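# Coordinates in review
Chain by chain, the residues:
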Amino acid sequence: MKNVKKSTLLIILCYFGLYLAIGLSLLLKQPFGNPPDEYNRYLIPQYIAQHGTLPNGYEESIRISGYGFSYAFQPILPYMLQGYVMRLVMQFTGSEEALLYAARGVNLALGLLTAGVVLLLSREWFRDRRFGFCFAFLATFLPQSLFIHTYVNTDSCCMLSIAVMLYGLTRGLKSRFSFGDSLIMAVGIILCALSYYNAYGYILSCILLFTVSFLSASGQGLSFDGKSFFKKGCFISAIVLAGIGWWFIRSAVLYEGDFLGLRARNECAALYASPEFHPDTRVTWQSQGRSMWEMLTKSDFWTLSVLSFIGIYGAMAIPTSIWIYRFYKALFLIGPVLCIVLRCPVPQEKGRPHDRKPLFRIFYHVNMIFCILMPVILSLIYSYATDYQPQGRYLLPSLLPLCFYTVRGLAKAGGLKAAVPFRGHSSRPGGGISEAWRNRILSCAATLFCLAVVAMSALTVYGYAFPYYEANPVAP
């Protein structure tokens, strides 16, 4: 038992150590402005660091050249954290390089927190630690997943919020939402609401699953535990409203009732955008009278979306190895298919409360599939109607449930008896692999899997991104 604990601790230390080493290397190496739209995003923490206050979305100094609007209309919690950390650093140095690294460092810290919560989530979703580690390494070391935690953006906080929401939700479904688990889920909802609209589907799913979890079936039909629902629902709602209410009230006051800031952002763009980016004259698939089907079949939307979801660094200019793309495309296809078609039991997976409720189990998985599809749908709409930018970072909110179904499929396959017996190691007459040998094979396979996904991130950073940065030291 002590050896198992020591090996588990060693894996966890390697998990965080490798993540920090690769992430910090990329953070320090990439030129300012080379990651997607970092220059325009950095304007907001710069403003906060200089003035000590939050900017109005119409503020001229933070408006995006050409487009005429700013990112300050949308929730900016990550930029606030970065801005006030930069303001602290300014007390010691005025170095622009130090201030940039401070802002990026906030996102790397959020990335480490995300990695930690994903590791905790893996313990809730998989009884067998081998598959749990496979899930954690897959989600954390996907090249694009690591990349977004190394520059200024709101995606990093968004991924943390999703991990926290799913962790709180999963524990809550088991404990009937104890106050501790309800608090965790509420914190995740706050982080999501103040960072990224594209992930709001998770908030909706948390609400739906929380509500339905208080339904129970009996011989007399469905019953609803209204007392517990209202008690715990009010507790979660109070925390969430206390955490996010100030932002939406502020937006409503600043933008004439537009608490989301979306209408005000469009009005700002209409006032200050250049002709080629003006909302009324910008050329889009929709404005040309072309259908979304044409965009999907006659453009590179799917190719760019899928490849950059796996990993394209810089301003969509640094692809990685074709074999890395092939590996992840095959993995994200085969894993979920195995999860669907294999009906064998998965002894490695913990029993959840909804396992006793077939209808709730279906509803749970429908919600998770919805969370996978919603970012894809939003990216489609945005590319078609607003600005053709098929970027995989828009799809990253899908990552955790996608990785769950992928590894769940592998776990189901790992639970099958091998067709070819290992002579001399049969556990019963007639052949077959003994349990001991099957465990050894699975342990070796899980170890190789984790090492492989780390190696793919390392290869992308050191073998492809770094040579590009050496050849292009200044961002275009």
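Residues numbered from 1 in each chain as written. Predicted model: local features only at pLDDT ≥ 70, side-chain atom pairs only at ≥ 80, totals over all residues. Heavy atoms only, no water.

### So, the pattern of salt bridges
Here the structure, examined in full by the defined rule, presents eleven salt bridges. Measuring nitrogen to oxygen at the nearest pair gives 3.8 Å for the salt bridge that ties Arg-290 to Glu-294. Because the salt bridges share partners, they merge into one network encompassing Glu-124, Arg-171, Lys-174 and Asp-181. (Salt bridge = Lys/Arg side-chain N within 4 Å of Asp/Glu carboxyl O.)

### Some remarks on the side chain of Asn-153
One can find Asn-153 in the loop between helix H6 (143–147) and helix H7 (155–175). Polar side-chain contacts of Asn-153 include one of 2.8 Å to the backbone oxygen of Ile-148. Within polar-contact distance, the side chain of Asn-153 engages the backbone nitrogen of Ser-156 at 3.0 Å. Residues in contact with Asn-153, not counting those within four places in the same chain, are Arg-41, Pro-78, Tyr-79, Gln-82, Asn-107 and Ile-148. (Helix = DSSP H or I, 4+ residues; strand = E, 2+ residues; numbered from the N terminus. Polar contact = N/O pair within 3.5 Å; in protein donor to acceptor, adjacent residues only side chain to side chain. Contact = heavy atoms within 4.5 Å.)

### Concerning the nonpolar core
Among the nonpolar cores identified, the biggest contains 132 residues, and Phe-135 and Tyr-328 are the most heavily contacted of them. The dominant element in this core, judged by the number of residues it contributes, is helix H4 (residues 96–125), at 13 residues. Apart from residues no more than four positions distant in its own chain, Tyr-328 is found in contact with Leu-138, Phe-141, Leu-142, Pro-143, Ile-310, Val-453 and Met-456. The next biggest cluster of nonpolar side chains, apart from the first, holds six residues, and it includes Met-295, Leu-296, Leu-380 and Tyr-384. (Core = buried A, V, L, I, M, F, W, Y, C linked by side-chain atoms within 4.5 Å. Buried < 20%, exposed > 50% of the residue type's maximum accessible area, 1.4 Å probe, protein only.)

### Focus: the packing of aromatic side chains
Taken as a whole and judged by the stated rule, the model has 39 aromatic pairs. Between the aromatic rings of Phe-301 and Trp-302, the centroid separation amounts to 5.2 Å while the plane-to-plane angle is 80°, which identifies the pairing as edge-to-face. The ring of Phe-133 has Arg-129 lying over it, and the distance from NZ or CZ to the ring centre is 4.5 Å. (Phe/Tyr/Trp six-rings, centres within 6.5 Å; stacked < 30°, edge-to-face > 60°. Lys NZ or Arg CZ within 6 Å of the ring centre and 35° of its normal.)

### Looking at the state of the cysteines
By the definition in use, this model includes zero disulfides. Sulfur of Cys-14: no disulfide; nearest cysteine sulfur belongs to Cys-450 and is 11 Å away. Judged by its relative accessible area of 37%, Cys-14 is partly exposed. Cys-371 forms no disulfide, and the closest cysteine sulfur to it belongs to Cys-206, at a distance of 7.5 Å. Judged by its relative accessible area of 2%, Cys-371 is buried. (Disulfide = S-S within 2.5 Å.)

### Remarks on the layout of surface pockets
Empty space left among the atoms is revealed by rolling a probe the size of a water molecule over them. Reported here for the second largest pocket is a volume of approximately 740 Å³. Listed by contribution, the elements that provide at least two residues to the lining of the second largest pocket are helix H13 (301–311), helix H14 (322–341), helix H15 (358–385) and helix H16 (399–414). With seven residues, the top contributor of residues to the lining of the second largest pocket is H14. Classifying every residue of the lining of the second largest pocket by side-chain character gives 17 nonpolar, two polar and five charged. (1 Å grid on protein atoms, 1.4 Å probe; cavity = no way out; pocket = protein on both sides within 12 Å on 5 of 7 lines; lining within 4 Å. Points joined across faces, edges and corners; volume = space filled by probe spheres on them. Nonpolar A, V, L, I, M, F, W, Y, C, P; charged D, E, K, R; others polar.)

### A look at unusual backbone geometry
The bulk of non-glycine residues show a negative phi, and the bulk of peptide bonds are trans. The backbone of Glu-256 sits at a positive phi, close to 55°, despite the residue not being glycine. Of note, Glu-256 is situated in the loop between helix H10 (226–254) and helix H11 (262–272). Using a relative accessible area of 71% as the deciding quantity, one classes Glu-256 as exposed. Positive phi, close to 55°, is recorded for Met-316, a residue that is not glycine.

### A short note on H11
An α-helix turns once every 3.6 residues. As a result, residues three or four positions apart point the same way. Listed as buried for H11 are Ala-264, Cys-268 and Ala-269. Burial along H11 is one-sided: seen end-on, the buried residues are contained in an arc of 140°. (Arc of directions from axis to C-beta.)

### Quick word on the environment of Phe-126
Along the chain, Phe-126 turns up in the loop between H4 and helix H5 (129–141). Looking at Phe-126, the relative accessible area reads 1%, which means it is buried. For Phe-126 and Arg-250, which are 124 residues apart along the polypeptide, the C-alpha to C-alpha distance reads 42 Å.

### Observations concerning the packing of H7 against H16
Contact pair H7 / H16: the axes reach a minimum separation of 10 Å and the direction vectors enclose 55°. On the basis of the axis angle, H7 is oblique to H16. Taken together, the residues of H16 that come into contact with H7 (itself represented by Met-159, Ile-162, Ala-163 and Leu-166) are Leu-399, Leu-400 and Pro-401. Its residues placed into classes, the contact of H7 with H16 shows seven nonpolar, no polar and no charged. (Axes fitted to C-alpha atoms, helices over the stretch in contact; angles between N-to-C directions. Parallel < 35°, antiparallel > 145°, perpendicular 65-115°, else oblique.)

### Quick notes on the environment of Ile-148
For Ile-148, the position within the fold is in the loop between H6 and H7. Not counting the four nearest positions on each side in its chain, Ile-148 is found in contact with Asn-107, Asn-153, Asp-155, Ser-156, Met-159, Arg-393 and Leu-396.

### Focus on the environment of Ala-411
Here Ala-411 is to be found in helix H16. Residue classification places Ala-411 among the buried residues on the basis of a relative accessible area of 1%. Residues Ala-411 and Met-86, 325 residues apart in the sequence, show an inter-C-alpha distance of 45 Å.

### Here we look at H7
Taking 1.5 Å per residue, 21 residues should reach 30 Å; H7 reaches 30 Å between its end C-alpha atoms and fits that length. With respect to burial, H7 is a largely interior element, 18 of its 21 residues being buried. A positive backbone phi angle near 55° is found at Arg-176, which sits one or two residues after H7. (Expected span 1.5 Å × (residues − 1).)

### Observations concerning empty space enclosed by the protein
This structure, assessed with the given rule, holds two cavities of 30 Å³ or more. Taken as a whole, the largest cavity spans an internal volume of roughly 70 Å³. Forming the walls of the largest cavity are Tyr-19, Gly-111, Thr-114, Ala-115, Val-118, Ala-139, Thr-140, Ser-145, His-149, Met-159, Leu-399 and Leu-400. Those elements giving two or more residues to the lining of the largest cavity turn out to be H4, H5 and H16. Looking at the lining of the largest cavity element by element, the count peaks at four residues for H4.

### Considering a nonpolar patch on the surface
Residues Leu-333, Ile-334, Val-337, Ile-340 and Val-341 make up a contiguous nonpolar surface patch of roughly 470 Å² in combined accessible area. If you trace the backbone, Leu-333 turns up in helix H14. Judged by relative accessible area, which is 55%, Leu-333 ranks as exposed. (Patch = residues over 30% accessible without salt bridge, like charges linked within 9 Å, V, L, I, M, F, W, Y side chains within 5 Å. Areas by Shrake-Rupley, 256 points an atom, 1.4 Å probe, with all protein chains shown as cover.)

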